[in-house]
Amino acid sequence: ELLLPSMPCHAKTNVMFLKTHKTASSTILNIMFRFAEKYNLTVALPAGQLLHLGYPKTFLTHFVEEFEAIGQNYNIMCNHLRFNPSEVQKVMPANTFYFSILRNPIPLLESSYVYYKDTVPAFKFSKDVNEYLASPMKYYHWVDNEKNMYARNIMWYDFGYDNNAGDSKRYVQAVLHEIEQNFHLILIAEYFDESMILLKHALCWDLDDVVYFKLNSRSQDTVQTLTPESEEQIKAWCSLDWQLYLHFNHTFWRTIENTIGLEDLEKEVNRLRMRQKELMQTCLSDQEAVGKDHINNKAFLPFQSGAANILGYNLKQDLDNRTLRTCQKMVMPELQYTSYLHTVQHPHKERKQLGWHWTTFQEK
C-alpha cells in the first residue's frame, strides 16, 4: 500500500498541564519548564511568595503572577492548582492543549500516606497505612480542614470535584464526560514512557523535549506494604478515583492504538530509554538517583516531606558550560525551578523564599 508521508506538524506551544499529586507530575513539570525555556515561552507562575497556583483553593486568575498585565498571553501553565476551567480559560489562549496524568489509586494512597504523614490529620493519628485503611472513618473527618483531601480521592479533588461526593453511577459518568470535554489527553503514571511518547505525538514535540530524569521519587525503604485487605479497601474508600483511573486507563490504550499503534510505540519507547541512558551517562556522577543525605550540591536538594526520603541527583564535575546547563535543568527540583523561572520572568519582583537553602542558579 502507498504510505503517504505524515504531514509535518508544528510544535504546540500553548499547553496547560493539570499537575496532580503523587502521580509523577513533578517529572512532567520539569519537562514543561525546559520546553518553555527552549522556546522562550511565558509561563503562568504562582504570584508573590506562592509556590503553587493557590492550591488547595480552587484556582482563580489572581494566583498567577502579573495576570493583570499579561492577560491571556501565557503559553504554559503547569504548577499545582485545583482545576477550575472558567478561570484557567481566562489565563490560557483559546487554542491551548490541556492534559493531565493519573495514577493507580492503590499505590497513590500509600505514597500520599508516607509523604503527607505529618500534615494530614487523618494520617497523623494512625500508626501506618494499613491501620488507617482498616477504618478510615475513625481518622478521617472531612470537616477537619483543607488537608484531608490527600487522604481520599485526591485526583478527583485536583480536577476540581468534591472528593467526598457519593459515587452514584450518574454522577461519576457526568464528571468523566466533563473531564473528557476539558482535556485533550490524560496520561497514566504506570506507563510513564508510553505516556511521554503519546504526549510527544499529541504536541508534535521532539524526543529530546520529553526525555527526563525521574524527579521527586523516594527511596524504597520508605514504602509501606499494603495488605490485600487494604488494597480492596482503597477501591471502595477512593471509589471516585478508582473509577476515574479505570476509565482513563482504558481510553489511554485506545488512543495509542488509534494513533501510534503498539508496534511503533514500543520502538519509540526504546528510543526514549536509550536517549535517557545516554543523558544519564553524560550528566550524572552516580548512574541513579541518590538519597537526600548524599546530594552534594544542596541547591539541588528536593523538598523533603513526611517520612519519605526524596531522592535527587549529583552531576559530574567538569562538564562544559552548555552541557552543565542542560544537565542542571534536568535535575532541578520543582520549587527551585519555579523560583528560578520566576526570577527570570519577573526580575523586578521579590525572589521567592524557599524556606530552606537556596543557592543561585544565575550565571555560573
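Above this text is the structure in question.
Predicted, not measured: the structure shown is a model, and the values here were computed from it.

### Looking at the overall build of the protein chain
What the protein chain contains, in helices and strands, is 16 helices and four strands. Its C-alpha atoms give the protein chain principal-axis dimensions of roughly 60 × 55 × 45 Å. When the 364 residues of the protein chain are sorted by exposure, 56% land in the buried category. The contacts in the protein chain between residues at least 6 apart in sequence include a share of 72% that link residues at least 24 apart. Taken as a whole, the protein chain presents about 17,200 Å² of accessible surface, with 51% of it coming from carbon and sulfur.

### Points about the side chain of R82
Here R82 is to be found in the loop between β2 (76-77) and α3 (85-91). Although R82 lies buried, it forms no salt bridge, and the closest oppositely charged side chain, D162, sits 6.2 Å away as judged by the N-O distance. Side chain to side chain, R82 and T58 meet in a polar contact 3.4 Å long. At 2.9 Å, the side chain of R82 forms a polar contact with the backbone oxygen of Y161. Once you skip the residues sitting within four places of it in the chain, R82 turns out to touch Y55, P56, K57, T58, F59, Y157, D158, G160, Y161 and D162.

### Some remarks on helix α13 (residues 239-259)
The terminal C-alpha atoms of α13, which comprises 21 residues, lie 30 Å apart, in line with the 30 Å expected from a rise of 1.5 Å per residue. Here α13 has its buried residues at S239, L240, D241, W242, L244, Y245, F248, N249, T251, F252 and I256. At the C-terminal side of α13, G261 shows a positive phi close to 85 degrees.

### Focus on the pairing of strand β1 (residues 15-18)
Neither face of β1 is exposed, since V15 and F17 on one face and M16 and L18 on the opposite face are all buried. The pairing of β1 with β2 spans two bridges and is classified as parallel. Of the residues in β2, the one forming a bridge with V15 is I76. In this sheet, strand β3 (residues 97-102) lies alongside β1 in parallel orientation, the contact comprising four bridges. Paired with V15 across the bridge in β3 is F97.

### Considerations on the state of the cysteines
Evaluated as defined, the whole model comprises two disulfides. Here C9 engages in a disulfide with C204; their sulfurs sit 1.6 Å apart. On the S-S bond that ties C9 to C204, the torsion sits near 90 degrees, and the link is right-handed. Residue C9 is found in the segment before β1, and its partner C204 is found in the loop between α10 (192-203) and α11 (207-210); the two are separated by 195 residues along the sequence.

### A word on the packing of aromatic side chains
Counted under the stated rule, the structure contains 28 aromatic pairs. The side chain of K22 reaches across the aromatic face of Y115, ending 3.4 Å from its centre. Over the ring of Y140 we find R152; its NZ or CZ atom is 6.0 Å from the centre of that ring.

### Side note on the sheet that holds β1
Read across the sheet, four strands follow the order β2-β1-β3-β4 without closing on themselves; strand pairing throughout is parallel. Single-partner strands in this sheet number two, and they are β2 and β4 (185-188). Sheet topology places β3 next to β4; four bridges connect them, and they run parallel. Along β4, the bridge assignment pairs I101 with L187. Strands in contact with α10 are β1, β3 and β4; relative to β4, the strand with the most contacts, it is inclined by about 160 degrees. Most of the contacts of α13 go to β4, to which it runs at about 100 degrees, and overall it touches β3 and β4.

Cut-off values and rules
- Residues numbered from 1 in each chain as written.
- Predicted model: local features only at pLDDT ≥ 70, side-chain atom pairs only at ≥ 80, totals over all residues.
- Heavy atoms only, no water.
- Helix = DSSP H or I, 4+ residues; strand = E, 2+ residues; numbered from the N terminus.
- Buried < 20%, exposed > 50% of the residue type's maximum accessible area, 1.4 Å probe, protein only.
- Contact = heavy atoms within 4.5 Å.
- Areas by Shrake-Rupley, 256 points an atom, 1.4 Å probe, with all protein chains shown as cover.
- Lys, Arg positive; Asp, Glu negative; His and termini not counted.
- Salt bridge = Lys/Arg side-chain N within 4 Å of Asp/Glu carboxyl O.
- Polar contact = N/O pair within 3.5 Å; in protein donor to acceptor, adjacent residues only side chain to side chain.
- Expected span 1.5 Å × (residues − 1).
- Pairing = 2+ DSSP bridges.
- Disulfide = S-S within 2.5 Å.
- Phe/Tyr/Trp six-rings, centres within 6.5 Å; stacked < 30°, edge-to-face > 60°.
- Lys NZ or Arg CZ within 6 Å of the ring centre and 35° of its normal.
- Axes fitted to C-alpha atoms, helices over the stretch in contact; angles between N-to-C directions.

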